Amino acid sequence: MSLAQVHYSSAAPGDEGAAGRFTAVGPGVSGALLAEIEPLVRYELPGGVPDRPSDGELRSLPQAFGYFVLSDGSRLVARSAPVRDAGGAGSGVRFHAHAVHVPPGVPLPGDRLPVEAWRSPHWVAVTPGGAIPDPLALPPGPAAVSEGLDDFAVSRGPWLAAVLADLRRASDAEATGGRPVVLVERQCADVARWLGLASVTLPRESAERLTFTTYTRRPVSSASRVVGVLPEDAAEARAAGLRVHECAGPSPASDGKGDAWAATAARVWRSRSPELFGEARQLPGEPFAAGPLAVTALCAGVMLGPDERAAAAGWAADRPYALDAKRTGQLVEALTSPGIDDRTGPEFDAVGRLFGALEGRCPASVTAPLAAMLVTEAVRGGNGSLELPRRDAFAGPEGAEVAERLGPEILTELADTVGSRPVARTVQLLRVARLLGVDGTESLPGVVGRLAPALLTETAASASHGGPPGFAPALLELLDEQFEVRTALLGALDRVAPEDPGAVARFLERVALPFTGTQALPHLRMCAEVPEAMATLGGDRAAMWHRVLRAAGVSPFAEPLVLRTAAGLVWEDRAPTVEEARLLLDAATSDAHRAAGTWARLVDAALGASAAAGASAAGTPTAGTSTAGTDEAAGLAHDLLRGFPEEIGGRERAGLLLLVLVRELRTGAPEPGWAERVRTLCARAEPVEPALRERAHTALVERLLAPDRPGVELYDFVHGEDAELIAAYDRAARTETVRARLRTQPAYAADCFTVWTAHPHAGRAWPPVAAALLDEILRPAVRGMPAEAVAEVEETVGRTGSSGRADAFRDWNRSSALGRLGRRIAGRVRRG
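Residues numbered from 1 in each chain as written. Predicted model: local features only at pLDDT ≥ 70, side-chain atom pairs only at ≥ 80, totals over all residues. Heavy atoms only, no water.

## A word on helix H18 (residues 472–481)
Here's step 1: Of all the positions in H18, only Ala 472, Ala 474, Leu 475, Leu 478 and Leu 479 are classed as buried. Each buried residue of H18 sits inside an arc of 165° when the element is viewed along its axis, so together they form one side. Exposed positions of H18 whose direction lies more than 90 degrees from the buried face are Pro 473 and Asp 480.
Here's step 2: Buried residues along H18 sit against helix H16 (423–436), helix H17 (444–461), helix H19 (483–496) and helix H20 (501–510). (Buried < 20%, exposed > 50% of the residue type's maximum accessible area, 1.4 Å probe, protein only. Helix = DSSP H or I, 4+ residues; strand = E, 2+ residues; numbered from the N terminus. Arc of directions from axis to C-beta. Contact = heavy atoms within 4.5 Å.)

This is the structure in structure tokens:
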């Protein structure tokens, strides 16, 4: 069918108020469509064009070639070109637009793409007097715009990937109404060549959606998906936030990396192989998936980057039957080429997937290069995430060659004890050694000896992420593959467990190691029992102790270290209570506790219990002296001192002896010199727990305030010049218990008078305290006694001391009475 043609000319110079007019309109083009077409075909001269350009200047002006979709679904292919005014040479410039209207659903002649008509010889610059050929009816064969595309693509190498990526996005069906992609070129023909590249690169339906104009001065208001502008108009487009590619300037800072499809397409163009786009579209996959194009390019010998190679390997791994044997071999050869030195982790991962997909489906000669590349990367590249081949992949001569090359490197690194090696790296080396048949028996004990603590360290470091640590899957595969490694590693972990059983338990909770075989592994079994024991027994630590100890499967007498492991699991960084410590102590002999080192926990329990008991009794020292917890702690301390005389020393020994002495002061008959021993033991136990010090001082001063205390102990105390002890004595003497005894027991009051007056020159700390107690504690008590009780006090003082002491009491008491009488007289005088 014949397509309607439209001609439009701008107004002649001097025609004020007229922009232009349609000079010829073919049949079927309505007035409404003409109103829509008119702004599309208007032409605006570039800036700086002289009013009367020369012929050369006129020929150099850009032509606007465009393809538009109209509101009724029809399309318009148009060319607007500057022409000289009718006045001839030296006249002004007008423009003439020639357009072809294509109805909805009608293909272009020859099923061509619009951009192919760019160089059609049938575009005219004047309104014809009669019918002219259709500019879209091109002769058979490649259109003129296709000529030289390879050279153009090479010349635009730095921009290729980024521009192709944007043209692909602009061609998307959902991009209708989006903002245009702006191509900045000095020649509008080069914009057409970009569109020619797109028509070859993109699928047909995508290329047909690309509306465009090769030249405009108003890119922001353009309705086309792709627009071309001259360099002087690029700033407006950038300021408006459009995607601008300045292909007429210096190379861009970014070349579109990150889009594997676009990067692959750019490499195909630079290799002058555009026919590969058609071949790639014959392979399964999404239209713009990088995989099919990358596979096609690699099989054709095109060099690609790591992201594109990864895309090719990943695509082939997902579709192992999509390629024939020849192309599969070509792909493997391209991926394993020794000239490639920029491989990345994702590329190796994709190659590993490809190997897994091809193994068993292709001859070993095809897959062997992939296997060799993977294990070489595992050893030399340190990629711990690789999916390794199976062992039978290295059964042939290729495997022997790889083993000969990599075996010494593996053994050297495994034997290296300098620095730390990540768990994933050690696991990978052990797995590769087995794949290649490398004998590492001699180095295995040292390897697992370093691997066991590294497992705990890395697991603790990844605790915040939750779930198994990253090395877990590969580790479990290693243990499943290699019985000797599993046996050695489980044994090493079992030996490590007593030192930090909590860390081992947390590791086993996140990594389920297989130790259900015949190995004893008592410590690992205890650590594995903890989660269920905690879930069922809760906070009952005594019950947990029994359950965890039973899980070991061995007696503490035969394997004392299970005591340390069990204690570490149940109490970890806490000290047991006295009752729990007694349970622990009774579980085995002192020799077993000595071998396990658990006696130290028992010492902590005794000292910690004394502090807790003292803290609970704070503020009521006399009432707390009979606390059962203190007696139990003292009993535990006594047994510990007897059971571990060589192990317990220093401040711990002094603290335990202090506990025992406190109990003796309260309930028994301590050895003479106990006042001095309290001071000495407190000094040796530094830094002594404040509560234990307070309990020791309280027990001492309460004993010194008792009527039956030995005089020599009191003398040692008074003359010891221990201000802290004397202050404790002062506090105890002021308690209600002592006050009541003074008021009701004349003999006790007499004894206190004797003590508090007996040492007037005993240093600096005692005299002021004794004087204050006489005046503030004893005097009120004597004042409240009946006369016969006072007489009894005086008589007792004289009998137990001397006549001079009795006289002193009478003088002291009389001064008190005179003081009361004087105060009464003074009061009467004031009232008078």
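Read on, since the account is not over.
## Re the sheet that holds strand E8 (residues 226–229)
Here's step 1: With mixed pairing, nine strands are arranged side by side in an open sheet as E2-E1-E5-E4-E3-E7-E8-E6-E9. Each of the sheet's edge strands pairs with one partner strand only, and the pair in question is strand E2 (20–25) and strand E9 (243–246).
Here's step 2: Across six bridges, the pairing between strand E3 (residues 64–69) and strand E4 (residues 75–84) is antiparallel. Within E4, the residue paired with Tyr 67 across the bridge is Val 77. (Pairing = 2+ DSSP bridges.)

## Points about H19
Here's step 1: Taking 1.5 Å as the rise per residue, H19 with 14 residues should run 20 Å; its terminal C-alpha atoms sit 20 Å apart, in good agreement.
Here's step 2: Where H19 is concerned, the buried positions are Val 485, Leu 489, Leu 490, Gly 491, Ala 492, Leu 493 and Asp 494.
Here's step 3: Where H19 is buried, its residues contact H16, H17, H18, H20 and helix H21 (522–537). (Expected span 1.5 Å × (residues − 1).)

## Observations regarding the packing of H20 against helix H23 (residues 561–571)
Here's step 1: At a minimum axis separation of 8 Å, H20 and H23 run at an interaxial angle of 70°. Of the possible angle classes, the one that applies to H20 and H23 is roughly perpendicular. Mapping the contact onto sequence places Pro 501, Gly 502 and Ala 505 in H20 and Arg 564, Thr 565, Gly 568 and Leu 569 in H23. (Axes fitted to C-alpha atoms, helices over the stretch in contact; angles between N-to-C directions. Parallel < 35°, antiparallel > 145°, perpendicular 65-115°, else oblique.)

## Here we look at the pairing of strand E6 (residues 181–184)
Here's step 1: Covered by surrounding structure in E6 are Val 181 and Leu 183 together with Val 182 and Val 184, the residues of both alternating faces.
Here's step 2: Across four bridges, the pairing between E6 and E8 is parallel. Along E8, the bridge assignment pairs Val 184 with Val 229.
Here's step 3: Here E6 runs beside E9; their pairing, made up of four bridges, is parallel. Across the sheet, Leu 183 pairs through a bridge with His 245, a residue of E9.

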